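Take a look at the letters that make up each chain.
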Number of protein chains: 4
Amino acid sequence: MRDIERIGVYTSGGDAPGMNACLRAVVRTALANDLDVMGIRRGYEGMIEGDFVEMDRRSVSNIVQTGGTVLKSARSPAFMNPEGRARAMRMLKEYKVDALVAIGGDGTMRGANILHDEHDIPVVGCPGTIDNDLYGTDTTIGYDTALNTAIENIDRVRDTADAHNRLFLIEVMGRDAGFIALNCGIGGGAEMVLIPETITEMEVVKERLLSLMSAQRRSTIVIVAEGDELGGARGIEKALLDDSDFNDIDLRSTILGHIQRGGSPTASDRVLASRLGVGAVESLLDGHSEVMVGLVNSEVKLTPLRNVWGRKKSIDYDLLKLTQILS
Amino acid sequence: MRDIERIGVYTSGGDAPGMNACLRAVVRTALANDLDVMGIRRGYEGMIEGDFVEMDRRSVSNIVQTGGTVLKSARSPAFMNPEGRARAMRMLKEYKVDALVAIGGDGTMRGANILHDEHDIPVVGCPGTIDNDLYGTDTTIGYDTALNTAIENIDRVRDTADAHNRLFLIEVMGRDAGFIALNCGIGGGAEMVLIPETITEMEVVKERLLSLMSAQRRSTIVIVAEGDELGGARGIEKALLDDSDFNDIDLRSTILGHIQRGGSPTASDRVLASRLGVGAVESLLDGHSEVMVGLVNSEVKLTPLRNVWGRKKSIDYDLLKLTQILS
Amino acid sequence: MRDIERIGVYTSGGDAPGMNACLRAVVRTALANDLDVMGIRRGYEGMIEGDFVEMDRRSVSNIVQTGGTVLKSARSPAFMNPEGRARAMRMLKEYKVDALVAIGGDGTMRGANILHDEHDIPVVGCPGTIDNDLYGTDTTIGYDTALNTAIENIDRVRDTADAHNRLFLIEVMGRDAGFIALNCGIGGGAEMVLIPETITEMEVVKERLLSLMSAQRRSTIVIVAEGDELGGARGIEKALLDDSDFNDIDLRSTILGHIQRGGSPTASDRVLASRLGVGAVESLLDGHSEVMVGLVNSEVKLTPLRNVWGRKKSIDYDLLKLTQILS
Amino acid sequence: MRDIERIGVYTSGGDAPGMNACLRAVVRTALANDLDVMGIRRGYEGMIEGDFVEMDRRSVSNIVQTGGTVLKSARSPAFMNPEGRARAMRMLKEYKVDALVAIGGDGTMRGANILHDEHDIPVVGCPGTIDNDLYGTDTTIGYDTALNTAIENIDRVRDTADAHNRLFLIEVMGRDAGFIALNCGIGGGAEMVLIPETITEMEVVKERLLSLMSAQRRSTIVIVAEGDELGGARGIEKALLDDSDFNDIDLRSTILGHIQRGGSPTASDRVLASRLGVGAVESLLDGHSEVMVGLVNSEVKLTPLRNVWGRKKSIDYDLLKLTQILS
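Small disclaimer: the values here were computed from a predicted structure and weren't measured. (Residues numbered from 1 in each chain as written. Chains lettered and ligands numbered in written order. Predicted model: local features only at pLDDT ≥ 70, side-chain atom pairs only at ≥ 80, totals over all residues. Heavy atoms only, no water.)

(A) Focus on the interface of chain B and chain A. Listed per partner, the contact involves 35 residues of chain B and 35 residues of chain A. Between chain B and chain A, roughly 2700 Å² of surface is buried when both sides are summed, and carbon and sulfur atoms account for 46% of that area. Together, Arg156(B), His258(B) and Ile259(B) form the three largest contributors to the area buried by chain B at its contact with chain A, with a combined 23%. For the interface between chain B and chain A, the tally reads 2 salt bridges. For Glu152(A), the salt bridge goes to Arg156(B), with nearest N and O atoms at 3.3 Å. Taken together, chain B and chain A are joined by 15 residue pairs in polar contact (both at pLDDT 80 or more). Every element with two or more residues in the side of chain B that touches chain A is listed here: α5 (143–164) and β9 (251–255) of chain B. No other element matches α5(B), which puts 10 residues into the side of chain B that touches chain A. For the side of chain B that touches chain A, the per-class residue count stands at 7 nonpolar, 16 polar and 12 charged. (Contact = heavy atoms within 4.5 Å. Buried area = accessible area lost by both parts, 1.4 Å probe. Salt bridge = Lys/Arg side-chain N within 4 Å of Asp/Glu carboxyl O. Polar contact = N/O pair within 3.5 Å; in protein donor to acceptor, adjacent residues only side chain to side chain. Helix = DSSP H or I, 4+ residues; strand = E, 2+ residues; numbered from the N terminus. Nonpolar A, V, L, I, M, F, W, Y, C, P; charged D, E, K, R; others polar.)

Shown next as structure tokens:
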């Protein structure tokens, strides 16, 4: 194995709170091990365009608490084909980058995987995505923050729902996975949770809602994952409005949307991001590659990149049962 | 003038953070002046149905910091016609309520006005609405909280907008008034603000956005009041997407929605609500009626109810100029 | 084993955010299993005095998001001796309470243990304490909230520390354990962390601080656990002020104090509390007793009460190493 | 009057949230009027040392939402004597600074005043201090944020106070003025407020507290301004602990301290800071000098610097009465 003297680090895909804390840990761990660090701006797009910037201790001062990513992120259609990746590799060589730390989600890991396969550059991934849908880590960087942002705002909606005894549909993020919705349902004290992992009959939903609304003469909150097969909050709202049984019910829906992507990371996300950033650099130095660092049962673990994006991470079905007991 | 021995208090219309702090002040001031207090639940609807509850010091303990309204709110179609109001008045007499404190917005003040005119019951209003569109007070109860909720979430959106150099349209509340949008624009560091009070040409908006996006290669934030004549965030998004000049621009829109109605009131809203609640009861005791208490230039002032809902409160056009200088 | 028809539930010791979410889960799970539930107010003191209240679904409505404990808590010197405990048992019998769920920390678990040993009443504990110092669970209810409250306020202190290039000592809770301090150090981007688990020489601290302050001409943050053997923030401040080498350094200290005990629980604490509350009742129904429910590696696990308070939970020494790499 | 081509801007004294928003407004307004802008780092100390940095639009990007001050602040003993000020003036001339905008509190305004008197350089002040104790503006930049930070943390303390029926003394900032304490008292629902502006007999305090604690069997919160003549929270705690009547009362005290100085500015502080920053530059361009811009009755007003620090701003005694009615 060749020696590593200079690493490159980048953030890619959807940004997530804690990416900056992770970047800080990567940079400082690398410097503490006498490595040079190049920041690659705007993910794979910047890699292809040679948008590189040297990082020192000060470049990552005072960012542990910030949302977004100081290295920016971008989509890169050019990286989708072999020519783009070859160009990226030429840039990495030009800048004498010996190894990579990739911070991002599913697509980022897949990109790192293929770059390694085609060009044999050592690469270690860090799971940064609010969706928590990466195999190989109990939670991803940004997920805890997104959850808290969602719940804080669900609390606000419940204030106004309660004031009017309303039925409220609240849509949270999660195109393919119900992690955020499920935990928001429990933490937000919701009466029902609809997620992509389970198929729900619209008739069952209606019946349950009518029974809840008549029983309690109070507000009722339904959390809907954006990827739920009934069509998100708007889809369900439409179906309910079309049903005359719901004529007398004061119904509203709201989509929390992009606010869930930003904000100062929580304590838990900062510590997770820091541990994984340190772990990524130490793994590279130990000769590992084509792996993602994750936290599994409170310990740093490595998982082959191929499994990270190839396998489906399951929600905890016990939690689903919980929402029924508690509502 | 007859003596007041028992007052009734209610919250009506859209709920606003700080209504509970106001209610607490009304109850405690009344009790301190040896008055009885009846809480009327669900606004005019509860008044008609006789949904009354006696209030003591403990009924309003530990609510100064809560959003929503413990007395609940509701729409009341029945109160729209004279028979409904006559029934409401019979209930007030039955419960020996001699005078009323009405907490709410535009419609609430109008309802109080007409009830007084038809049935001659002393009534004083407190301005509770997040929209800040009531004449007779510099700010309304709930407005400062809504503003802070909006800005906190705009900050989050900017994190992710910056990470991707995106153009973001953020819709805030304000069906008829641009108060929230205008102040969010300045406080949120937005590049453009669109409000109902001014007419904006879509072509001018497009030109400005294209120039901003090309000039800075950074994110651009546009704050849109829901009542803007161009159709809110969705309307503008559609117009931009239809224009081929915007093909290469990464454009997103988000609607903050009902989160702006809830949450723990800010310091300023709690103090305002407390002052106006005290002021309302003291005004009744001083023999005033058919007025709303407001805070004008830091002092409690009374304004005839007729003017409160009849006159249009103007935004501060200096602030509009500010958004252009600062962006 | 006798059948359980009615359970009693109480919160005891220092209150922690999430206790109400736990209580809600206990009550609703019990009701869903056709058990009666008695709330015991003010912990062991209320148990002795017979301060019992029947709980239904509505008693725990709208509390999942609140700090503190609706059942209140108290110290109970009377429960320290056998007579007090015998009186408590008589009350439990009088109210036909067949089994107990105890929510609290170290002392609460010890009390439950001894009550069971002397009077053979089934009891299951839930770990509620901000200190995270209970053996048998990865984290305790309230810990994540306390951590986030501390870090949010450390962020604020860093703003002002940075503005003046100051050296700031910030004391966080943790009389016997460094969990909060250690994680605050990493998440808050602190330059140094002092905890009870490790012995630090004052001379080493001074040397490191002088080197940091001279190297960077920036602010420096030191997180001190209240139980650190050097005497908390005040103790260290005094030692530094007595040393002439620190004459030119702008030094301040602040004690975060009781703010770390309150506030709305985080997403993670609400979900943890809900899972453990459900788990406690289900464990009782499964015939378990004299155990605490905890979450270990994401699964609900039972640990004998004796071990919970008898064994010392260790901090993660890897995290300690991390603070040195990252600062 | 000579023409202004380049202005200098600095922050000085205790930092306050919103100083960065003000700085941003100063820089962008100046640039919009074709002026050059020099940032003077570390207040008067940096002015003397020539610690100047040129500012463009990008220097103030993305800072409207940050606490602290990007220009830093410092104490300057050297500026206290005429030689120091003469040196400062030489630096200003060397860097061709024609006029100054000073952002800060009492001492900053006094310094600007004397610099103008001795060296005849145009100067306009912006009121930046959390204490709100500057004559010539209804509120100062940073005050609303400090108030909200204090109240948010008082809410947390009340959670734990309520859980134990405790008497809590909470000390907030305010060495010479009770603005923060008074508004925290009302907004935080406190039972008593002690401020420097009024003299309180310890015996009266004790009597009131005993009556409150016995009457309600609930928690009692006392807000104490740090400058209260009874010695802040510690002083009062000591006096109570020395009195045997308080032996049975569960008494705690906490000092909120420096957390009140930092954090992201509120909506209201951001808008205020922006308006005053614009107003300061426009005032200079209109030929004004030796004045502070303030917001009085919602309008930008100028006040001679001499009055700003020479006159005492009064608290609103109506608010003091309010705390008695409401508690």
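(B) How the structure looks around the relation of the copies chain B and chain A. Turning chain B through 180 degrees and shifting it by 0.0 Å along the axis lays it on chain A, with an RMSD of 0.0 Å. In the structure described here, the two chain copies are related by an operation that fits a two-fold rotation axis. (Least-squares fit on C-alpha atoms with pLDDT ≥ 70 in both.)

(C) View of the packing of aromatic side chains. Under the defined criterion, the tally for this structure stands at 16 aromatic pairs over all chains. The ring of Phe179(C) carries Lys313(C) above its face, with NZ or CZ at 5.5 Å from the centroid. (Phe/Tyr/Trp six-rings, centres within 6.5 Å; stacked < 30°, edge-to-face > 60°. Lys NZ or Arg CZ within 6 Å of the ring centre and 35° of its normal.)

(D) Molecular detail of the UniProt feature "binding site: ATP" (unreviewed entry) in chain A. Within this numbering scheme, the UniProt entry marks Gly14(A), Arg75(A), Ser76(A), Gly105(A), Asp106(A), Gly107(A) and Thr108(A) as carrying the feature "binding site: ATP" (unreviewed entry). Spanning 95 residues, the annotated positions come together in the fold, the maximum distance between their C-alpha atoms being 14.3 Å. With respect to the helices and strands, the residue Arg75(A) is situated in the loop between β3 (52–54) and α3 (82–94). On the basis of relative accessibility, which here comes to 67%, the residue Arg75(A) falls in the exposed class. Not counting chain neighbours up to four residues away, the residues in contact with Arg75(A) comprise Glu45(A) and Arg252(B). On the secondary structure map, Thr108(A) appears in helix α4 (residues 106–119). Thr108(A) sits in the buried class, given a relative accessible area of 2%. In this structure Thr108(A) touches Tyr10(A), Ser12(A), Gly13(A), Tyr44(A), Ala102(A) and Ile103(A), once residues within four positions along its chain are discounted. A distance of 3.3 Å separates a polar side-chain atom of Thr108(A) from the backbone oxygen of Ser12(A). (UniProt positions renumbered as here; feature names shortened; annotations may be inferred. Buried < 20%, exposed > 50% of the residue type's maximum accessible area, 1.4 Å probe, protein only.)

(E) Spotlight on the relation of the copies chain A and chain C. Under the fitted operation, chain A is carried onto chain C by 0.0 Å of movement along the axis and a turn of 180 degrees, and the coordinates agree to an RMSD of 0.0 Å. Mapped onto chain C, 100% of the interface residues of chain A again fall at the interface, so both copies present the same surface.

(F) Structural view of the sheet that holds strand β2 (residues 36–40) of chain D. All names here are of chain D. The strand order β3-β2-β1-β4-β5-β10-β11 describes an open sheet built from 7 strands, whose pairing is mixed. Of all strands in the sheet, those with a lone pairing partner are β3 (52–54) and β11 (299–304), marking the two edges. Between one strand axis and the next, the sheet turns through 30 degrees on average, direction left out of account. Of the strand pairs in this sheet, β2 and β3 are connected by 3 bridges, and their pairing is antiparallel. Across the sheet, residue Gly-39 finds its bridge partner in β3, namely Val-53. (Pairing = 2+ DSSP bridges. Axes fitted to C-alpha atoms, helices over the stretch in contact; angles between N-to-C directions.)

(G) Here's a closer look at the sheet that holds strand β5 (residues 123–127) of chain A. Residue and element names in this part refer to chain A. On the basis of which strands lie adjacent, the open sheet formed by 7 strands has the order β3-β2-β1-β4-β5-β10-β11 and mixed pairing. In this open sheet, the two strands that pair with only one neighbour each are β3 and β11 (299–304). The mean inter-strand angle of the sheet, taken between neighbouring strand axes irrespective of direction, is 30 degrees. For strand β1 (residues 6–11) and strand β2 (residues 36–40), the ladder comprises 5 bridges, and the chain directions are parallel. Looking across to β2, one finds that Tyr-10 is bridged to Ile-40. Its contacts with the sheet put α4 on β1, β4 (99–104), β5 and β10 (291–296), and the angle it makes with β4 is roughly 160 degrees.

(H) Molecular detail of the pattern of salt bridges. Across all of its chains, the model carries 73 salt bridges over all chains by this definition. Notably, a salt bridge pairs Asp36(A) with Arg6(A), separated by 3.4 Å at the nearest N-O pair. Of this pair, Asp36(A) sits in strand β2 while Arg6(A) sits in strand β1, and the two are 30 residues apart along the sequence. Look at Asp36(A) and you get partly exposed, because its relative accessible area is 35%. Across the pair Arg158(C) and Asp155(C) runs a salt bridge, and its minimum N-O distance is 2.8 Å. Linking Arg158(C) with Asp155(C), this pair stays in helix α5 (residues 143–164), spanning 3 residues, or about one helical turn. Take Arg158(C) and Asp155(C): they sit in the same class, and that class is buried.

(I) Representation of the domain arrangement of chain A within the structure. Residue and element names in this part refer to chain A. Here chain A is described as being made up of domain 1 (6–142 + 265–310) and domain 2 (145–261). In this complex, domain 1 contributes 12 residues to the contact, which on the side of domain 2 involves 10 residues. Both faces considered, domain 1 and domain 2 share a buried interface measuring about 880 Å² in area, 52% of it formed by carbon and sulfur atoms. Summed over the three residues of domain 1 that lose the most area to domain 2, namely Ile-130, Asp-131 and Thr-266, the buried surface amounts to 50% of that side. At the boundary of domain 1 with domain 2, the tally comes to 0 salt bridges. On the surface where domain 1 and domain 2 come into contact, there are 4 residue pairs in polar contact (both at pLDDT 80 or more). Here the side of domain 1 that touches domain 2 is built from residues that sort into 4 nonpolar, 4 polar and 4 charged. (Domains from an automatic or database assignment.)

(J) Focus on the packing of helix α6 (residues 179–187) of chain A against helix α11 (residues 317–326) of chain A. Residue and element names in this part refer to chain A. Viewed as axis vectors pointing N to C, α6 and α11 meet at an angle of 30 degrees, and their least axial separation amounts to 9 Å. Comparing their axes, α11 and α6 come out roughly parallel. Both α6 and α11 take part in a crossing whose hand is left-handed. Between α6 and α11, the contacting residues are Leu-182, Asn-183 and Ile-186 on the first element and Leu-319, Leu-320, Leu-322, Thr-323 and Leu-326 on the second. (Parallel < 35°, antiparallel > 145°, perpendicular 65-115°, else oblique. Left-handed = near helix turned anticlockwise from the far one by under 90°.)

(K) The interface of chain A and chain C, seen in detail. On the chain C side, the residues contacting the 43 residues of chain A number 43 residues. Each partner contributes to the roughly 3400 Å² buried at the junction of chain A and chain C, and carbon and sulfur atoms together form 52% of this total. In this assembly, chain A and chain C are joined by 4 salt bridges. Where chain A packs against chain C, one counts 15 residue pairs in polar contact (both at pLDDT 80 or more). Of all the secondary structure elements, the ones that give two or more residues to the side of chain A that touches chain C are α1 (19–32), α5 (143–164), α6, α9 (267–285) and α11 of chain A.

(L) Inspection of the pairing of β11(A) at higher detail. By the bridge criterion, 6 bridges tie β10(A) to β11(A) in an arrangement that is antiparallel. In the sheet register, Val291(A) faces β11(A), and the bridge partner there is Pro304(A).

(M) Geometry of the arrangement of the chains. The closest approach of any C-alpha atom in chain B to one in chain C is 11 Å; the two make no contact. Chain D makes no contact with chain A, the minimum C-alpha separation between the two being 10 Å.

(N) View of the pairing of strand β8 (residues 220–225) of chain D. Residue and element names in this part refer to chain D. Counting buried positions along β8 gives 6 out of 6 residues, so the element sits mostly inside the fold. Going residue by residue along β8, you find Thr-220, Val-222 and Val-224 tucked away on one face and Ile-221, Ile-223 and Ala-225 tucked away on the opposite face as well. Two strands pair when backbone bridges link them, and strand β7 (residues 192–194) and β8 are joined in this way by 3 bridges, in the parallel orientation. Along β8, the bridge assignment pairs Val-193 with Ile-223.

(O) Representation of the environment of Gly232(A) in the model. Residues and elements named next belong to chain A. Take Gly-232: it is sitting in helix α8 (residues 232–241). When its relative accessible area of 1% is taken as the criterion, Gly-232 is described as buried. Taking the C-alpha atoms as reference points, Gly-232 and Ile-154, 78 residues apart in sequence, are found 16 Å from one another. Excluding residues that lie within four positions of it along the chain, Gly-232 makes contacts with Glu-171, Val-224, Ala-225 and Glu-226.

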